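Given next are the chains, with one letter for each unit.
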Amino acid sequence: MSAPPFVKTFRTKWLGAPNGAANTVPATAGLNVNDISPIFVKASVKINGASVNVAVVGLIKDSQWWAAVSSNLIDSVTVDTTDAQSSTANDFALEVANTANSGCMFGAPLPPSALSIATTTNSAGSPVRVLEYWNSTAWTTIAAAGCLVAQPANWLTTATEDLILFIPPQDWARGGTPVASVNQATYNVRIRCTTAPTTAGLAGRVYVGTVLSGEPALAANGTHNAIWENINGWPCPGAIAAIGGAASTANEGHVLSIVYR
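To keep things clear, this report deals only with the structure shown in the data block. (Residues numbered from 1 in each chain as written. Predicted model: local features only at pLDDT ≥ 70, side-chain atom pairs only at ≥ 80, totals over all residues. Heavy atoms only, no water.)

**Quick notes on the pattern of salt bridges**
Then, in step 1: Taken as a whole, this structure holds 4 salt bridges when the rule is applied.
Then, in step 2: Across the pair E132 and R190 runs a salt bridge, and its minimum N-O distance is 2.5 Å. Residue E132 is found in strand β10 (residues 128-134), and its partner R190 is found in strand β13 (residues 187-195); the two are separated by 58 residues along the sequence. Neither residue differs from the other here; E132 and R190 are each classed as buried.
Then, in step 3: One salt bridge connects E132 with R192, and the closest N-O pair in it is separated by 2.8 Å. Placement of E132 in strand β10 and of R192 in strand β13 is noted, with a sequence separation of 60 residues between them. The residues E132 and R192 share a single accessibility class, namely buried.
Then, in step 4: Here the residues in one salt-bridge network are E132, R190 and R192, joined through shared partners. (Salt bridge = Lys/Arg side-chain N within 4 Å of Asp/Glu carboxyl O. Helix = DSSP H or I, 4+ residues; strand = E, 2+ residues; numbered from the N terminus. Buried < 20%, exposed > 50% of the residue type's maximum accessible area, 1.4 Å probe, protein only.)

Okay, here's the thing in structure tokens:
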């Protein structure tokens with residue numbers, strides 16, 4: 001039997017900035033999949049207006065991911081998941097001012113390729129940051145051209161959403177040696193300052209997700225379809241709380257629809 005289709009517009013790039021309590025799924029996350037085990041799923045993102053990059057994103061449960069901060073991401077990290085998942089302003093440091101190689105790291109059982117950050121203190125200066133993943137032998141940069149949303153030049157409280165969004169590389173591997181205190185059982189991503197800001201960005205809340213399907217430069221007013229058939233193809237194991245839509249440009253006319261049975 002087919003369930004009623006889920007159809008919802010999304011006006012933000014992904015989640016917006018809900019800044020909610022830990023273990024609470026924001027309403028903007030899309031279809032709650034905690035009690036769904038379908039044999040067929042079709043998720044479609046219909047964009048409104050000019051060509052944009054799009055994605056179907058699974059929100060990873062807070063219980064499944066971890067976060068860390070560091071003054072030197074090349075050497076070690078300090079786990080700080082509690083602060084990353086709280087709504088308290090300024091309790092999660094995204095980097096350290098005037099300190100090269102400082103930054104933050106996130107890990108999950110699925111590639112953490114969507115990061116929604118509720119910034120509560122602006123960074124300032126002319127920072128240069130690199131986004132890196134572990135490919136089993138080295139930390140490797142994800143080029144700006146490989147991102148579905150342009151990385152923020154500075155973390156800004158005035159932004160609707162500071163968002164990192166990219167299609168997971170095929171060679172992404174679990175772990176991240178030789179960085180001390182990294183969870184070796186998860187897929188990990190780090191945001192490292194090669195040139196540090198003069199004022200560090202601080203966050204209240206971070207949400208972590210994984211891009212299930214994405215398409216760069218979807219044609220104007222086009223539709224991106226992702227189809228999974230048979231229960232073994234269901235893309236949402238227990239780590240995922242909801243399926244939502246994302247786009248490089250916010251527009252209240254973008255629509256996510258999901259049909260399943």
